[in-house]
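# Structural overview
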Amino acid sequence: MLEPCGDSATVLEKAQVTKLGAVYKLYADRTRQRRGQVWSPRQRRGRRAIVALYAAVNRGALSLAHQSILAYARYRYLKIATAAVVVAIAAYVWDRPPNGRYGGTWLGYTLGTVGAVLIFWLLYFGVRKRRYASNAGMVQGWLSAHCYFGTALIVIATLHAAFRFGWNVHTLAYVLMLVVIFSGFYGVYAYLRFPRVMTDNLGDDTLQMLLIRIADLDRQSRQLALSLPDSINRLVLASAQGTRIGGPWFQQLRGRDPNCPTTAASNGVQIIGRKLAGEQAKTNHQLYTLLLKKQELVARARRDVQLKSWLDVWLYIHVPLSIALLVTLIIHIVSVFFYW
Ligand code: HEM
Ligand code: HEM
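Here the structure is a predicted model, which means the values were calculated and not measured. (Residues numbered from 1 in each chain as written. Chains lettered and ligands numbered in written order. Predicted model: local features only at pLDDT ≥ 70, side-chain atom pairs only at ≥ 80, totals over all residues.)

Each helix and strand counted, the chain has 13 helices and 0 strands in total. Listed by position from the N terminus, the elements making up the chain come as α-α-α-α-α-α-α-α-α-α-α-α-α. With 340 residues in all, the chain has 33% of them scored as buried. (Helix = DSSP H or I, 4+ residues; strand = E, 2+ residues; numbered from the N terminus. Buried ≥ 20, exposed ≤ 12 C-beta atoms within 10 Å, placed from the backbone.)

By size, the foremost hydrophobic cluster in this structure holds 29 residues, and its most contacted members are I119, Y148, L153, I156, A157, M177 and L325. When contributions to this core are tallied by element, the ones reaching two or more residues are α4 (72-94), α5 (106-130), α6 (136-160), α7 (169-202) and α13 (315-339). Top contributing element to this core by residue count: α6, with 10 residues. Setting aside residues up to four positions removed in sequence, A157 forms contacts with G115, Y174 and M177. Listed in part, the 24 residues of the second largest apolar core include I214, I232, L291 and A301. (Core = buried A, V, L, I, M, F, W, Y, C linked by C-beta atoms within 7 Å. Contact = placed C-beta atoms within 7 Å.)

With that out of the way, let us pick up the packing of α7 against helix α12 (residues 278-312). Where α7 meets α12, the closest approach of the two axes is 10 Å, and the angle between their N-to-C directions is 170°. Between α7 and α12, the angle is such that the two are roughly antiparallel. Counting all contacts with α7, which are made through A190, F194, V197, M198, N201 and L202, the residues of α12 involved are R300, R303, D304, L307, W310 and L311. A class-by-class count of the residues in the contact of α7 with α12 yields 8 nonpolar, 1 polar and 3 charged. (Axes fitted to C-alpha atoms, helices over the stretch in contact; angles between N-to-C directions. Parallel < 35°, antiparallel > 145°, perpendicular 65-115°, else oblique. Nonpolar A, V, L, I, M, F, W, Y, C, P; charged D, E, K, R; others polar.)

A word on the site of ligand 2. In the vicinity of ligand 2 there are 25 residues, among which L122, G126, C147, G150 and G184 approach most closely. Counting only elements with at least two residues in the shell around ligand 2, the list comes to α5, α6, α7 and α13. Per element, the largest residue contribution to the shell around ligand 2 is 7 residues, and it comes from α7. Grouping the constituent residues of the shell around ligand 2 by class yields 16 nonpolar, 8 polar and 1 charged. (Near = placed C-beta within 6 Å.)

Next up on the list: unusual backbone geometry. Even without a glycine there, the phi angle at A73 is positive, about 50°. Structurally, the position occupied by A73 is in helix α4. C-beta crowding within 10 Å serves as the criterion here: with 13 such atoms nearby, A73 is assigned to the partly exposed category. Positioned with a positive phi, F163 is a non-glycine residue whose angle comes to about 60°. Structurally, F163 can be placed in the loop between α6 and α7.

The pLDDT averaged across the chain works out to 85; a share of 79% of its residues lies at or above 70. Taken together, the stretch residues 1-30 has pLDDT below 50 and engages in 58 contacts with residues farther than four places along the chain or on a different chain. Across residues 59-66 the pLDDT falls below 50, and counting only partners more than four positions away or on other chains, this stretch makes 21 contacts in the model. (pLDDT = per-residue confidence, 0-100.)

Looking now at the site of ligand 1. For ligand 1, the set of nearby residues contains 26 residues, the closest of which are G103, G112, G115, A161 and H170. Put simply, the parts of the chain that give the shell around ligand 1 at least two residues each are α5, α6, α7 and α13. Tallying contributions element by element places α5 first for the shell around ligand 1, with 7 residues. Its residues assigned to classes, the shell around ligand 1 shows 13 nonpolar, 12 polar and 1 charged.

Glancing now at the packing of helix α8 (residues 207-225) against α12. At a minimum axis distance of 9 Å, the contact between α8 and α12 shows a crossing angle of 160°. As the angle between them shows, α8 and α12 are arranged roughly antiparallel. Considering how the two elements wind past one another, α8 and α12 form a crossing that is left-handed. Side by side, α8 and α12 meet where L207, L210, L211, R213, I214, L217, Q220, S221, L224 and A225 of the first sit next to T283, Q286, L287, L290, L291, K293, K294, L297, V298, R300, A301 and D304 of the second. Residue classes in the contact of α8 with α12 are distributed as 13 nonpolar, 4 polar and 5 charged. (Left-handed = near helix turned anticlockwise from the far one by under 90°.)

Right, here's the structure in full:
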């Protein structure tokens, strides 16, 4: 939770928390050396390359999804995945088992095995990413294959099940798989779109710089308010102490605070100011200008936190549900062999 008031050191410290808590996890947290871990120079070089890759993605300098990932090696993995899907459909159409198509025919077993192997491999990507003795190019290739083979699974698993679904653990595995895949689609979209929107929103600033400027405006506003009525002082104090950027995850995703004390202060100062005259009216106008400026900076800081959380949120579905998928898939496989 960030409160852009107080001295710059605290502000920076808090900003760092949010930074690590959000998008910077992509290239900082996930590539950090764990306690007791010893890296070879090769691993160290690999990690540095990954950090550079994620940093570039973050800056919007590298359009991960469009150029480097989806178009990787001239769509090599799109071609392989399409070929696999065409072969699977052809085999499905060609195969006419006497008891009808289902997961237990030879083709059903073959497609199921291919699907399961793909899922284990897709899951292994998480492990692989953290154990680099690899470079950024290699990770891009893995991620490209990950997206296309992951998508091909929709066809392979559906043909394996021969479109037979029910209220059972087999279909649960299938549904989890679909949710993981569709969250992956969102992830690619987010990586493609949000870094650029973030750059547009921040311009040459960083979140820390915004917070420092907000803290500075707070100091100036409180100074000005000293010569104004108590009611105005109370509003300015509430704005300085109660304005929050970040907060719980749903608030981060929402990106605004309907009860924002800064908005309340600028509205209040404008209304109370109408009754003031002379020097006080002039000071009040200056204060109002500062509060409007703060409102704008707060909105931009909130937007930044919001975009970071939208960039990250899908992984909270993608990764845990991948594990749930693994568990249900093992139950599915064990149960069909048990009843066999
Ligand atoms: C080694 C891998 C796999 C094997 C040996 C296997 C085996 C089977 C068998 C024998 C059936 C027929 C069960 C029956 O109709 O009584 C079946 C059905 C099914 N399998 Fe698999 N399977 C595998 C992988 C997968 C994967 C990766 C998925 C998707 C995540 C999946 C989803 C389903 C579904 C949804 C059904 C239909 C269940 C129903 O009829 O209600 N299976 N599987
Ligand atoms: C059943 C299918 C899938 C499984 C089991 C799966 C599993 C995983 C796992 C375990 C990770 C590593 C997450 C981490 O280390 O933080 C990952 C990352 C990722 N997945 Fe999937 N995935 C699947 C399908 C897809 C699909 C279809 C797409 C996109 C079209 C996709 C896009 C991504 C992306 C972009 C990442 C990288 C996240 C990052 O490094 O920040 N996934 N996936």
